[in-house]
Amino acid sequence: MAYSKKAIELCDRNVELNGYKEKLSSEGKPVHTSYAEDTFDFLLGRSKYYDLIILDPPAFAKHQNAKHNAVQGYKRLNLEALKQIKPGGILFTFSCSQVIDLSLFQGAVMAAAIESGRSVRIIHHLGQPADHPVSIFHPEGQYLKGLVLYVE
């Protein structure tokens with residue numbers, strides 16, 4: 001599986017340009033660390049907690065017959081992230097699966113929140129930008145979706 005190392009490099013460069021590369025937390029740890037790994041492998045069994053998690057997986061479903069497994073995948077992925085985020089943390093979670101609409105995606109994330117026992121609030125809905133217009137005759141073209149969540 002390919003990971004977006006270029007995106008991580010750009011993020012790390014931005015952190016450096018903003019003066020955070022060498023900054024340490026009150027515990028003496030770096031205030032920023034980037035990872036480019038399989039998210040399921042990374043989150044499972046960890047005991048480290050994060051202030052911010054961004055989940056931007058590849059499309060889990062490209063066809064209708066993969067819809068159920070995709071919903072389960074989004075639920076599992078978000079559940080693991082909710083287990084790892086600190087109280088007061090922010091979770092950005094995305095889907096680019098065309099066959100999963102916003103309602104279904106949000107339902108999978110809600111199921112993860114229920115199972116995690118965490119109180120979660122939607123701060124913002126995210127969608128595709130103006131350079132990805134959606135044909136009124138092809139609503140499935142609105143495939144980019146995201147949620148910004150506050151986790152208590």
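Caption draft 1: Broad picture of the layout of surface pockets. What the largest pocket holds in volume is close to 1,600 Å³. Every element with two or more residues in the lining of the largest pocket is listed here: α1 (5-17), α2 (39-43), β1 (50-55) and β2 (85-95). Of all the elements, β1 adds the most residues to the lining of the largest pocket, at 6 residues. For the lining of the largest pocket, a count of residues per class yields 26 nonpolar, 6 polar and 8 charged. Forming the walls of the second largest pocket are 15 residues, and the residues nearest its centre are Ile100, Asp101, Leu102, Pro139 and Gln142.

Caption draft 2: Up close: the confidence of the model for the protein. Across the protein, the average pLDDT comes to 90, with 98% of residues at 70 or higher. Taking the mean pLDDT of every element in the protein, the minimum, 82, falls on α2 and the maximum, 98, on strand β4 (residues 145-151).

Caption draft 3: Main features of α1. In this model α1 runs 18 Å from its N-terminal to its C-terminal C-alpha over 13 residues, within 8% of the 18 Å that 1.5 Å per residue would give. Gly19, located one to two residues past α1, shows a positive phi value of around 80 degrees.

Here is what the cut-offs are and how they apply
As a convention, each chain's residues are numbered from 1 in the sequence order in which they are written. Owing to the predicted nature of the model, reporting of local features is limited to residues with pLDDT of at least 70; listing and counting of side-chain atom pairs is limited to 80 or more, with chain, interface and lining totals taken over all residues. Excluded from the side-chain calculation are hydrogens and water; included are all heavy atoms of the structure. The way it works is a 1 Å grid over only the protein atoms, where trapped points that fit a 1.4 Å probe form a cavity and open points with protein on both sides within 12 Å along at least five of seven lines form a pocket, and then any residue with an atom within 4 Å of a point lines it. Grid points are joined across faces, edges and corners, and a volume is the space filled by probe spheres set on the points. Only runs of H or I of at least four residues qualify as helices and only runs of E of at least two qualify as strands under DSSP, and these elements are numbered from the N terminus. Residue polarity is assigned by list, with Asp, Glu, Lys and Arg as charged and Ala, Val, Leu, Ile, Met, Phe, Trp, Tyr, Cys and Pro as nonpolar; anything else, Gly included, falls into the polar class. The quantity known as pLDDT measures the predictor's confidence residue by residue, on a range of 0 to 100. Here the expected span of a helix is defined as 1.5 Å times the quantity of residues minus one.

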